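Examination of the molecular architecture
Letter by letter, the chains look like this.
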Amino acid sequence: MRIVCTVVGEALVDMVESAQAPGTFAAHAGGSPYNVALTLGRLGRPVSLVARTGRDTFGRMLEDKARASHVGFERWQIVDEPTTLAVASLDAAGRAQYNFYLDGTAGLGWDDSLVDLLPTGGILHLGSLASWRPPSGAVLQALQRRTYEAGDTLVSYDPNVRPALIADEWAVRASIERCIGSAHLIKASDEDIEFLYPDDAVPSVAARWCELGAALVIVTLGAGGAIAFGPSGEFTRRPGLPITVADTVGAGDSFAGGLLDALAAADLSTPGALRDAVRAADPRIADALVQAIVVSAITCERHGANPPTRAELEQRLQLMKPPG
C-alpha cells in the first residue's frame, strides 16, 4: 500500500540574497511545510499540501512549482490576500537568516474550515510558523490534537523556530510544547533546541519531549549529521556528508521530507509501528536517517530550496556504496 502524506502549513516566497552579489535578491518558492511537501512529491511519495496563497504572481509561482513536483493540489486554498514573503540574507557560510512579511497575507490565515481539508490515516506533517504563531497556531494545534488522539494517523512535527519573529519566548515555547505533546515524531535542529532551551543539553530536551508524548525525536546537527532519541535516550546517529554548500535554504525541510518518505517505505508509518521500532532500536530508523541526510545534502549543494528527485537520490546513494 502506498502511504499518503498530508502536509499543513505556510507556503511563501523567499527573496534570497545572492552570495556573489550582496544586495541582489532572487525569488524562490518556499516555506517550511511547502518544502517538505515538495521533497516528498519529488521522491515519488503521494502528498497533498494544505496551504493558502494569493491570486498574485508569487502565488502562481508557488502553485506552478508544486504541481511540477507532483504535490497534490486538491486541498490548496487560493485567497484574496497577498502571498506571504520572507527575505533571506546569507552569511559567509551560506546560512540563511530570515525576515518575514506576514501581517495581512495569505499564509497564516487559517480558520476552523481547515478540519474539512484533512484526510485520516497515513502521515500528517505540521510545523513552522503556522503551528505556533497567531492567528493560525490555535487552529492547527486543535486539529493536530484531534488527529493525534484518533490514533490512526502518524503525526510528525517540526517547530522550525524563527527567532526574528519571537517577542515572547516563554509563550512560543509553551505553544511548541503543545504541538510536541500531540506528535509521534519530532524533527528539530540543534539551533531550534538552543533557542528554546538555552540552558539544557540536547539529550535532556529530547527526553522532555518524549515525556510529553513523542515516540521518536530526531535532532539535526547541520554538517554533523543527525541523532535519534527515544524514551530510553539516544539509540542511533549518522554523520553528515562532506559537501560544498551553496546555501542551506530548505535543508531541514528536505531532511524532514526524506525522513518521512523513508519511514513510509520501511512500513514505519503508523504510531504503533514507530513506537515498536524505537523500542527495538530498529536499524530501519538508522537507514531513514541516512536517506534524510543525503536528501538534505543534495539540497544544500544547490541554490534555494531545490530538493532532489528520486532518480537523483538513488544516483547519489549508489555512488556512496563501497566498491565491490
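As a starting point, this report considers the structure included with it. No experiment lies behind these values; they were computed from the predicted model shown.

Here is what the cut-offs are and how they apply
Residues numbered from 1 in each chain as written. Predicted model: local features only at pLDDT ≥ 70, side-chain atom pairs only at ≥ 80, totals over all residues. Heavy atoms only, no water. Helix = DSSP H or I, 4+ residues; strand = E, 2+ residues; numbered from the N terminus. Rg over C-alpha atoms; globule rule 2.2 N^0.38 Å. Buried < 20%, exposed > 50% of the residue type's maximum accessible area, 1.4 Å probe, protein only. Contact = heavy atoms within 4.5 Å. Areas by Shrake-Rupley, 256 points an atom, 1.4 Å probe, with all protein chains shown as cover. Lys, Arg positive; Asp, Glu negative; His and termini not counted. Charge placed at Lys NZ, Arg CZ, Asp CG, Glu CD. Phe/Tyr/Trp six-rings, centres within 6.5 Å; stacked < 30°, edge-to-face > 60°. Lys NZ or Arg CZ within 6 Å of the ring centre and 35° of its normal.

**Comments concerning the overall build of the protein chain**
Check the secondary structure of the protein chain and you find eleven helices and 14 strands. Against the compact-globule benchmark of 20 Å for 324 residues, the protein chain has a radius of gyration of 18 Å, which places it among compact chains. If you line up the protein chain on its principal axes, its C-alpha atoms span 50 × 45 × 45 Å. The burial tally for the protein chain puts 55% of its 324 residues in the buried class. Contacts in the protein chain between residues far apart in sequence, at least 24 positions, make up 71% of those at least 6 positions apart. Of the roughly 13,400 Å² of accessible surface on the protein chain, a fraction of 52% belongs to carbon and sulfur atoms. Within the protein chain, the 38 negative side-chain charges are centred at a point lying 5 Å from the centre of the 27 positive side-chain charges.

**Focus: the packing of aromatic side chains**
Under the defined criterion, the tally for this structure stands at three aromatic pairs. With 4.7 Å between their ring centres and 25° between their planes, phenylalanine 73 and tryptophan 76 make a pair best called stacked. The class for phenylalanine 73 is buried, based on a relative accessible area of 16%. On the basis of an interplanar angle of 65° and a centroid distance of 6.2 Å, the ring pair of tyrosine 197 and tryptophan 209 is categorised as edge-to-face. Within this pair, whereas tyrosine 197 is found in the loop between helix H6 (190–196) and helix H7 (202–212), its partner tryptophan 209 is found in helix H7, the two being separated by twelve residues in sequence. Accessibility expressed as a relative area gives 7% for tyrosine 197, which makes it buried. By relative accessible area, tryptophan 209 is classed as buried at 0%. Among the aromatic side chains, those forming a connected cluster through ring pairs are Tyr34, Phe73 and Trp76. Above the ring of tryptophan 110, the side-chain terminus of arginine 52 is found at 5.8 Å from the ring centroid. A cation sits over an aromatic face here: arginine 67 above phenylalanine 73, 3.7 Å from the ring centre.

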